[in-house]
Amino acid sequence: MNRPTALWVSPVSSLAGVARHVLDVAQVGIPGWRMVVSCPSGPLADRLREMDVEVVDLPVETGTAVRSLRATIQQLGPDIVHSHLAKADFLATMASVGTGIKLVSTEHTIPTDRFMYHSNRASAVTMETAHRLRLTRFSRVIAVSAATEREMRRQWHTKAPVILNGVDRPATLPSREPGLRLLSLARLSKEKNISATIRAFEHITREHPEATLTVAGTGDEEASLKDLTHHLGLEDKVSFPGFVDPDEAMASHDVIVQPSKSDNCSYTLLDALAFGMGVAASPVGGNPEIIPPRCIAEADDAESLAKVAIRQGLHLDNRPTLTDAIPTVAGMAERISEIYRKVAG
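Please read all numbers here as calculations on a predicted model, not as lab measurements.

Participant: When you look at the state of the cysteines in this model, what are you seeing that I'm missing?
Facilitator: What we call a disulfide is simply a covalent bond connecting the sulfur atoms of a pair of cysteines. Within this structure, the stated rule accounts for 0 disulfides. The cysteine C265 is free of any disulfide, with C295 supplying the nearest cysteine sulfur at 15 Å.

Participant: Even after reading the chapter, I still don't get the pattern of salt bridges, so can you show me in this structure?
Facilitator: Between side chains of opposite charge, pairing is possible as soon as their charged atoms come close. By the definition in use, this model includes 15 salt bridges. Note that R49 is salt-bridged to D57, the shortest N-O span being 3.3 Å. Given a relative accessible area of 37%, D57 falls into the partly exposed group. R181 is the salt-bridge partner of D254, the closest N and O atoms lying 3.0 Å from each other. On the criterion of sequence distance, the pair formed by D254 in the loop between α9 (246-251) and β10 (255-258) and R181 in strand β7 (residues 181-185) is long-range, its members being 73 residues apart. The exposure class of D254 is buried, given its relative accessible area of 2%. In this structure R181 comes out as partly exposed when scored by relative accessible area, which is 38%.

Participant: Looking at this structure, how should I read the pairing of strand β4 (residues 80-84)?
Facilitator: Among the 5 residues in β4, 5 count as buried, and that is most of the element. Residues of β4 alternate between two faces, with I80, H82 and H84 on one and V81 and S83 on the opposite face, all of them buried. By the bridge criterion, 4 bridges tie strand β1 (residues 5-9) to β4 in an arrangement that is parallel. Bridge pairing in β4 links L7 to V81. Of the strand pairs in this sheet, β4 and strand β5 (residues 102-107) are connected by 5 bridges, and their pairing is parallel. Bridge assignment links H82 to a residue of β5, and that residue is V104. With respect to chirality, the unit in which β4 leads through helix α4 (residues 86-95) into the neighbouring parallel β5 is right-handed.

Participant: Explain the sheet that holds β4 to me, please; I cannot follow it from the model alone.
Facilitator: Across a sheet, paired strands are connected by hydrogen bonds in the backbone, their directions being either parallel or antiparallel. If you walk across this open sheet you meet the 6 strands as β3-β2-β1-β4-β5-β6, and the pairing is parallel. Each edge of the open sheet is held by one strand with a lone partner, namely β3 (54-57) and β6 (140-143). Sheet twist, expressed as the average angle between the axes of neighbouring strands with direction ignored, equals 20 degrees. Sheet topology places β5 next to β6; 4 bridges connect them, and they run parallel. Its bridge partner being in β6, S105 is matched across the sheet by V141. Against the sheet, helix α3 (residues 62-76) engages β1, β2 (34-39), β3 and β4, with an angle of about 170 degrees to β1.

The rules we used
- Residues numbered from 1 in each chain as written.
- Predicted model: local features only at pLDDT ≥ 70, side-chain atom pairs only at ≥ 80, totals over all residues.
- Heavy atoms only, no water.
- Disulfide = S-S within 2.5 Å.
- Salt bridge = Lys/Arg side-chain N within 4 Å of Asp/Glu carboxyl O.
- Buried < 20%, exposed > 50% of the residue type's maximum accessible area, 1.4 Å probe, protein only.
- Helix = DSSP H or I, 4+ residues; strand = E, 2+ residues; numbered from the N terminus.
- Pairing = 2+ DSSP bridges.
- Right-handed = clockwise from strand over helix to strand, strands pointing away.
- Axes fitted to C-alpha atoms, helices over the stretch in contact; angles between N-to-C directions.
- Contact = heavy atoms within 4.5 Å.

Such coordinate-based values are descriptive only and should not be taken to indicate function.
Structural data, given as structure tokens:
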């Protein structure tokens, strides 16, 4: 018996961000469904093909992408088109006009600050209106955290089932020792608030001169973050290695520091818990759904963030663990399958 087809649409080609979600689900499969992915050429597409997942190239330019996606829909005849991130949502909306295809979306990022990604209020309001209109075409929109669902109701006036990002538990937790090898593992962008990490680290070094900080990743804020490090006299304690293998980085550090201004269901935090790391993070988005209060400090309170990081580094029994509320990858895929069955009828 042929399985129904779910066409996943991702506008990103890199392995960061939403690609992790796509790859995890592709690895375990969606129970009862054939999964095909439409995404731009690049590392994500290459990795999917290595996993023997069907991939259809998606052009980057919007007009061409709409035509290409429409042709893919007509050729495949999928039962569901499942889009990820705003650009893919709008592409799926336009490409599926008149086809009768059921649309599903997963909302991966929606900040509490409505104007974070917009230059002015008018731009933010216009985009919110556009989202509310396109949502009339979607059969389901999935939120990756309860916080995301609250913002969807507040900003877009829509409800959504919540499926937390899944992470698998290691058979045995890695052996850990107390330490203050701190790690920032995020895009170097304003919403990630890495300047607060560096300021908190300066507080830590006053009591613990042996502490180190690795600021991994790339982004627009790299130059200003290096300037801040120089200004605080921390050049010999802070490194900027660029892109790193996340598993290797977590294995060689003690505490993840993530005082983001915007997070929804952070894979970095989930992986940190699975690796037995300490966590010091802000209370934004879905973070309180993943980590306990002892791991949380306000995003711009450098002194409190430093205190949390020190406790997390030096007291192993204070570190967080994965709770039963956080699904495995297979459990997450099963929840997605349940949504599909309801949508497909």
